[in-house]
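Single-letter residue listing:
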Amino acid sequence: MVEKDLQKTENVSATERVRNVKTFVPRVDIYENKDALFLVADMPGVDEKTVDIELEKNILTITGRVENGRVAGGALMYSEYEIGDYERVFTLSDEIDRGKIVATVRNGVLRLELPKAEQVKPKKIAITAA
Amino acid sequence: MFNPTLWRFRRFADVMPEMLNLQREMNRLFSAVGQKAPQDYPAVNIWEKDGAAVMTAELPGMDPEKMDISVSGDILAISGTAESQAFSEGGTYLRQERGIGNFKRNLTLPFQVDAQAVEAKYEKGVLRITLPRAKEDLPKKIKIS
């Protein structure tokens, strides 16, 4: 494996954030079938309370706050990774049925199911014999 | 030149964590120099708390049942398997950035570990292992008679 794949990617954005912590780009898998779009993001350290998903028009923003990444009262002796929040923005091409979005967080993995709106679902056209 | 008013320009307490962070980052950057192999997975942080070492690692989406942690002497071995993905058939991947997620790593600690008192916790995709030092390995205080 390449080193790039193992290290978290830091978010480089022009705007500054209020919280003085680094933000990282979560790694995602995006998967699609005819009914929905599935998004799976690795966000270790977040739970259902600290993750935030926002869909505005076709811009999907995922943010995650990591609050307990440090060992309380402990001193860091050796460090290979950094602790920080997560943020990533996607532009969705298909129309999404907002009312039916399902999001779950389990073991630091966010799973999003974004069902496609009825009008954009591929329709099968039946051919009638002439 | 360095009269106290200058220090008050920006509160030193605000800058200090940043400086320490920078130093840590620099150490991390150069610690890999001369190493041929890429960094091991998972990346770990090691903390010291109350005489015990606390190891943390970010391991999203692991199956806690299939995680294996063992300690022998001063060697900590961790390995695990990722939870299987429940994706329905008949779809396509548009993006695949996440790793498969199986891992195996051995770490050598600078002291003997009390294997009986090791505690491991897997929460929110972060693995935390507390490794107390073995009693016989603790420094002994010698009284002068």
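The structure we're discussing is the one just above.
I will try to describe carefully the structure that is included in this document. (Residues numbered from 1 in each chain as written. Chains lettered and ligands numbered in written order. Predicted model: local features only at pLDDT ≥ 70, side-chain atom pairs only at ≥ 80, totals over all residues.)

**Focus: the overall build of chain B**
Put simply, the test is: Helical segments are the DSSP runs of H or I of at least four residues, strand segments are the runs of E of at least two, and each set is numbered from the N terminus. To assign burial, the other C-beta atoms lying within 10 Å of each residue's own C-beta are counted, with C-beta atoms placed from the backbone; 20 or more indicates buried, 12 or fewer indicates exposed, and intermediate counts indicate partly exposed. Residue pairs are scored as contacts if the distance between their C-beta atoms, which are placed from the backbone, is within 7 Å.
The helix and strand inventory of chain B stands at two helices and eight strands. In sequence order, the secondary structure elements of chain B are arranged as α-α-β-β-β-β-β-β-β-β. When the 145 residues of chain B are sorted by exposure, 19% land in the buried category. Of all intrachain contacts in chain B linking residues separated by at least 6 positions in sequence, the fraction that spans at least 24 positions is 50%.

**Considering the nonpolar core**
A general trend in soluble globular proteins is that nonpolar side chains are found buried together. The condition that has to hold: In this description, a nonpolar core means buried residues of the types Ala, Val, Leu, Ile, Met, Phe, Trp, Tyr and Cys, linked to one another by C-beta atoms lying within 7 Å.
Phe38, Leu39, Val40, Ala41 and Leu110 of chain A are the most contacted members of the largest nonpolar core, which totals 21 residues. When residues of this core are traced back to their parent elements, those giving at least two are strand 3 (28-32), strand 4 (36-42), strand 6 (59-64) and strand 10 (109-115) of chain A. For this core, the element with the highest residue contribution is strand 4 of chain A, accounting for six residues. Core analysis: the second largest hydrophobic core is formed by 17 residues, Ala53, Leu76, Ile78 and Ile129 of chain B among them.

**Observations regarding the interface of chain B and chain A**
Inclusion rule: Three classes are used, and their members are as follows: Ala, Val, Leu, Ile, Met, Phe, Trp, Tyr, Cys and Pro are nonpolar, Asp, Glu, Lys and Arg are charged, and the others, Gly among them, are polar. Pairing between two strands is assigned when DSSP locates at least 2 bridges connecting them.
Each side of the interface is counted separately: chain B has 34 residues, and chain A has 33 residues. Contributions of two or more residues to the side of chain B that touches chain A are made by helix 2 (12-31), strand 1 (44-49), strand 2 (52-58) and strand 5 (92-96) of chain B. If one sorts the elements of the side of chain B that touches chain A by residue count, strand 1 of chain B sits on top with six residues. Class assignment of the residues belonging to the side of chain B that touches chain A gives a composition of 14 nonpolar, eleven polar and nine charged. The sheet contact formed by strand 7 (residues 75-79) of chain A and strand 1 of chain B spans four bridges and is antiparallel. Counterpart to Leu76 of chain A in the pairing with strand 1 of chain B is Trp47 of chain B.

**Some words on the sheet that holds strand 1 (residues 9-10) of chain A**
If you trace the five strands from one edge of the open sheet to the other, you get 1-2-8-6-5 (chain A), paired in mixed fashion. Two strands close off the open sheet at either side, each with one partner strand: strand 1 and strand 5 (51-56) of chain A.

**Comments concerning the pairing of strand 1 of chain B**
Residue and element names in this part refer to chain B. As judged from the six bridges shared by strand 1 and strand 2, these two strands associate in the antiparallel manner. Opposite Lys49, over in strand 2, you have Ala52 as the bridge partner. Where strand 1 hands over to strand 2, the hairpin turn is made up of two residues, of which Asp50 adopts a positive phi near 50°.

**A few points about unusual backbone geometry**
A positive phi angle, close to 55°, is found at Lys57 of chain A, a residue other than glycine. Following the sequence through the fold, Lys57 of chain A ends up in the loop between strand 5 and strand 6. Judged by the 7 C-beta atoms lying within 10 Å of it, Lys57 of chain A is exposed. Positioned with a positive phi, Asp50 of chain B is a non-glycine residue whose angle comes to about 50°. Its place among the elements puts Asp50 of chain B in the loop between strand 1 and strand 2. A residue is classified by how many C-beta atoms lie within 10 Å of it, and Asp50 of chain B, with 9 of them, is exposed.

**Some thoughts on the environment of Ala57 of chain B**
Residues and elements named next belong to chain B. Checked against the element boundaries, Ala57 lands in strand 2. Residue classification places Ala57 among the buried positions, given that 25 C-beta atoms sit within 10 Å. Measuring from C-alpha to C-alpha, the distance between Ala57 and Asn106 comes to 13 Å, with 49 residues separating the pair along the chain. When residues no more than four places from it in sequence are discounted, the contact partners of Ala57 are Pro42, Ala43, Val44 and Leu127.

**Regarding the pairing of strand 4 of chain A**
Here is the key point about a regular strand: its side chains alternate between the two faces of the sheet. Residues and elements named next belong to chain A. Across the seven residues that make up strand 4, a large majority, seven, are buried. Residue alternation in strand 4 divides its side chains into two sets, Ala36, Phe38, Val40 and Asp42 and Leu37, Leu39 and Ala41, and both sets are buried. Pairing between strand 3 and strand 4: five bridges, direction antiparallel. For Glu32, the partnering residue across the bridge sits in strand 4 and is Leu37. Linking strand 3 back to strand 4 in an antiparallel pair, the connection comprises three residues. One ladder, built from seven bridges, connects strand 4 with strand 10; its direction is antiparallel. Pairing of Val40 across the sheet is with Arg111, part of strand 10.

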